[in-house]
Amino acid sequence: MLFVTFINSNPTTYNNLINLMKKLHLPDGVKIISKYVLFGKPDALIIFEAQNEINALKFVEQFVSIGDTQTHSILNVDDIK
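Now for a look at the structure at hand. (Residues numbered from 1 in each chain as written. Predicted model: local features only at pLDDT ≥ 70, side-chain atom pairs only at ≥ 80, totals over all residues. Heavy atoms only, no water.)

Each helix and strand in the protein was counted, giving two helices and four strands. In the protein, the succession of helices and strands from N to C terminus is β-α-β-β-α-β. The C-alpha radius of gyration of the protein comes to 13 Å, within 12% of the 12 Å expected for a compact globule of 81 residues. Along the longest, intermediate and shortest principal axes, the C-alpha atoms of the protein span 45 × 25 × 20 Å. Taken as a whole, the protein presents about 5,500 Å² of accessible surface, with 55% of it coming from carbon and sulfur. (Helix = DSSP H or I, 4+ residues; strand = E, 2+ residues; numbered from the N terminus. Rg over C-alpha atoms; globule rule 2.2 N^0.38 Å. Areas by Shrake-Rupley, 256 points an atom, 1.4 Å probe, with all protein chains shown as cover.)

As structure tokens, then:
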């Protein structure tokens, strides 16, 4: 399953966000597809693959101390028949 997580850091945790993005902890069953820091809000986004929602949750939990997150499952348009 593919997911995208949008991260809005608190002003005091922006540097922590950058450091965390460079040293992400990947639980079993999670693979990073791409990660970006953005100008404006949200501050960052990560596209990743996880075996299921539980694995996705375990991955996203590491951002709780940084700020607010929103995670969505995503579908590749080419996969829709």
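A few words now on the sheet that holds strand 2 (residues 30–37). Across the sheet, which stays open at both edges, the four strands sit in the order 2-3-1-4 with antiparallel pairing between neighbours. Every interior strand has two partners, whereas the edge strands, strand 2 and strand 4 (67–74), have only one. Each strand of the sheet is rotated relative to its neighbour by a mean of 20°, with strand direction disregarded. For strand 1 (residues 2–9) and strand 3 (residues 44–50), the ladder comprises six bridges, and the chain directions are antiparallel. Counterpart to Phe 6 in the pairing with strand 3 is Leu 45. This element, helix 1 (residues 14–22), spans strand 1, strand 2 and strand 3 of the sheet and lies at about 140° to strand 2. Packing against the sheet, helix 2 (residues 53–60) makes contact with strand 1, strand 2, strand 3 and strand 4, and its axis sits at approximately 145° to strand 3. (Pairing = 2+ DSSP bridges. Axes fitted to C-alpha atoms, helices over the stretch in contact; angles between N-to-C directions. Contact = heavy atoms within 4.5 Å.)

Bringing the nonpolar core into the picture now. Within the largest apolar cluster, 16 residues are counted, with the highest numbers of intra-cluster contacts made by Ile 7, Ile 46, Phe 48, Phe 59 and Phe 63. Among the secondary structure elements, those contributing two or more residues to this core are strand 1, helix 1, strand 3 and helix 2. Looking at this core, the element that brings in the most residues is strand 3, giving four residues. Ignoring sequence-local partners within four residues, the contact set of Phe 59 consists of Leu 24, His 25, Leu 26, Pro 27, Val 30, Ile 32, Ile 46 and Phe 48. (Core = buried A, V, L, I, M, F, W, Y, C linked by side-chain atoms within 4.5 Å. Buried < 20%, exposed > 50% of the residue type's maximum accessible area, 1.4 Å probe, protein only.)

A few words on helix 2. For helix 2, every residue scored as buried is listed here: Asn 55, Ala 56, Phe 59 and Val 60. The buried residues of helix 2 occupy an angular sector of 135° when the element is viewed end-on, so they sit on one face. On its buried side, helix 2 packs onto strand 1, strand 2, strand 3 and strand 4. With a side-chain oxygen positioned 3.0 Å from the backbone nitrogen of Ile 54, the residue opening helix 2 is Asn 52. (Arc of directions from axis to C-beta. Polar contact = N/O pair within 3.5 Å; in protein donor to acceptor, adjacent residues only side chain to side chain.)

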